[in-house]
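Okay, here's what each chain looks like letter by letter:
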Amino acid sequence: MSGRARLWLIVTGGAGAVTVFVSGCSGGAGALSSAKEATVTITPANGTGAVKPDAPIEVKVADGTLEDVSVTGGAVPITGKLSGDRTGWKSARTLVPGTSYTVTVRTKNGDGKVASANSTFTTLRPQQTFALADVTPNVKGEKVGVGMPIIVRFDRPVTDKAAVERALEVKPEKPVEGAWRWIDPQQVIYRTKTYWQPYQKVRFTARLAGLQAAKGVYGTKDSSYTIEIGAKQVTTGNINDHHATVYRDGKKLRTMPFSAGNGTTREYTTTSGVHLLMEKGNPVKMTAPGRKEGDAGWYEQSVNHAIRISNSGEYFHAAPWSVGSQGSANVSHGCLNLSPENARWYYGIHQRGDVVKLTGTSRQLEWDNGWGYWQLSFNEWKEGSALT
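Since the model is a prediction, treat every value here as computed from it, not as a measurement. (Residues numbered from 1 in each chain as written. Predicted model: local features only at pLDDT ≥ 70, side-chain atom pairs only at ≥ 80, totals over all residues. Heavy atoms only, no water.)

## So, the packing of aromatic side chains
Test applied: Pairing of aromatic rings covers Phe, Tyr and Trp, the last through its six-membered ring, and needs centres within 6.5 Å; plane angles under 30 degrees mean stacked, over 60 mean edge-to-face, and all others mean tilted. Helical segments are the DSSP runs of H or I of at least four residues, strand segments are the runs of E of at least two, and each set is numbered from the N terminus. With a 1.4 Å probe rolled over the protein chains alone, any residue whose accessible area is under 20% of its type maximum counts as buried; one over 50% counts as exposed, and the rest are partly exposed. Look at NZ for Lys and CZ for Arg. If either is within 6 Å of the ring centre and within 35 degrees of the ring normal, a charge sits over the ring.
Applying the stated criterion across every chain, the model contains 13 aromatic pairs. Aromatic pair F316 and Y346: ring centres 5.0 Å apart, planes at 65 degrees, arrangement edge-to-face. Here the residue F316 occupies a position in strand β29 (residues 315-318), and Y346 occupies one in helix α2 (residues 340-349), the gap between them amounting to 30 residues. Judged by its relative accessible area of 2%, Y346 is buried. One aromatic cluster is present, built from ring pairs that chain together W180, Y190, W196, F204 and Y225. Sitting over the face of the ring of W374, R191 holds its NZ or CZ atom 4.1 Å from the ring centroid.

Quick look at the structure:
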């Protein structure tokens, strides 16, 4: 008497086995399959709650092979890696907290019969979360210079710096080696080994969803940013020669006479080293470096077309009062005085991250003074990574 044979698929979970079957055609009892039952284990098991987002999804099969594993749910795609013998699968990234996921598995046994199984579970909703507080550069439509770092600040301290650093990806169109350096528990900075190649886009992605940055503190979402690198603009100048030359893509654009710090005190000495153009303003209110109101030498003055190059009060800016000394003497309090016309022109071509190389003084720019990161060799820079 003919009938329908049944291929049994045993699905096991944390609370016990779940049995699933599929039907197969047969000409009679003598044609029943001789293949063993396929046994699938999905972790987390069906119905599990409060799963840790950084715990992996794992699928294993005995007496069969995995044909397909898919995960649905959450705001980010969950992919995984299949073992070489197709009997195991493991997720490749963390999960989104407070989310329901369904794992769907298709298997094939020794007779070629296909069966399916699934597990639905939910991840825990953490009491504490962390996220990006700020990313620099991140101004819509902005083009930055070839020396530009990527500065990332989190909204709370990170204790597992290695895990967070591994979740940060920098992908330029024109590849170049780079590394992260932790400045403090809430700030990490990316710098390349050599300058970025000009005229390209760089994609920065922070895969923080489900990542545990500190005990019980999880990220809730991924973030991505596109950074556009503009022309290669480099300014060079010797403080004692009182002139700065600006190059774009290797071609000289202009030489500007300047008057730098008079050198009578450390504060009034312009720093030598590799600077980056930072923020700019027109006008900017300036005060005497290292002095407060009431001290000898205190001043407060508004200047036009000012571009910051350090956090110790150094700017390129317009200084009509020192035009007579520009190109021949250093009379400023540390800034680089330019004529109003040159300051306006320089202000107009400014890109954050443009390189400024100054020489001629005994005071070196500190690596952590503003964006003085290029003062460190790349090997020194990498020492600040959590992965070295």
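Now, onward.
## Here we look at the nonpolar core
We count it as follows: Throughout, nonpolar core names a set of buried Ala, Val, Leu, Ile, Met, Phe, Trp, Tyr and Cys residues whose side chains join them through atoms within 4.5 Å.
Within the largest apolar cluster, 46 residues are counted, with the highest numbers of intra-cluster contacts made by I150, F154, W180, W196, F204 and L208. The biggest single contributor to this core is strand β13 (residues 150-154), with 4 residues.

## What to know about the confidence of the model for the chain
Residues shown with low pLDDT carry predicted positions that ought not to be read at fine detail. Going by this rule: As a per-residue measure, pLDDT tells how confident the predictor is, with possible values from 0 to 100. Throughout, a residue-residue contact means that at least one pair of heavy atoms, one from each residue, lies within 4.5 Å.
Looking at the chain, pLDDT values average 91 and 91% of them are 70 or higher. Every residue in residues 1-31 is under pLDDT 50, and counting partners more than four places away or in other chains gives 60 contacts.

## Concerning the sheet that holds strand β28 (residues 306-308)
Note the threshold: Strand pairing is assigned whenever DSSP identifies at least 2 bridges connecting the two strands.
The 4 strands are arranged β25-β28-β29-β30 in an open sheet whose pairing can be described as mixed. At either margin of the open sheet sits one strand with a lone partner, and together these are β25 (280-281) and β30 (336-338). As paired strands, β25 and β28 are joined by 2 bridges and run antiparallel to one another. Across the sheet, residue G281 finds its bridge partner in β28, namely A306.

## Here we look at the pattern of salt bridges
Selection rule: Salt bridge, as used here, is a side-chain nitrogen of Lys or Arg placed within 4 Å of a carboxyl oxygen of Asp or Glu.
All chains considered together, the criterion is met by 9 salt bridges. With a shortest N-O distance of 3.9 Å, K108 and E67 are connected by a salt bridge. Pair noted here: K108 is in strand β8 (residues 100-108) and E67 is in strand β5 (residues 65-72), with a separation of 41 residues, a long-range link. Using a relative accessible area of 32% as the deciding quantity, one classes K108 as partly exposed. Classification of E67 as partly exposed rests on a relative accessible area of 27%. Among the salt bridges present, the one from E279 reaches R308, with a minimum N-O distance of 2.8 Å. Highlighted residues: E279 in the loop between β24 (273-276) and β25 and R308 in strand β28, separated in sequence by 29 residues. With relative accessibility at 44%, the residue E279 sits in the partly exposed group. The class for R308 is buried, based on a relative accessible area of 15%.

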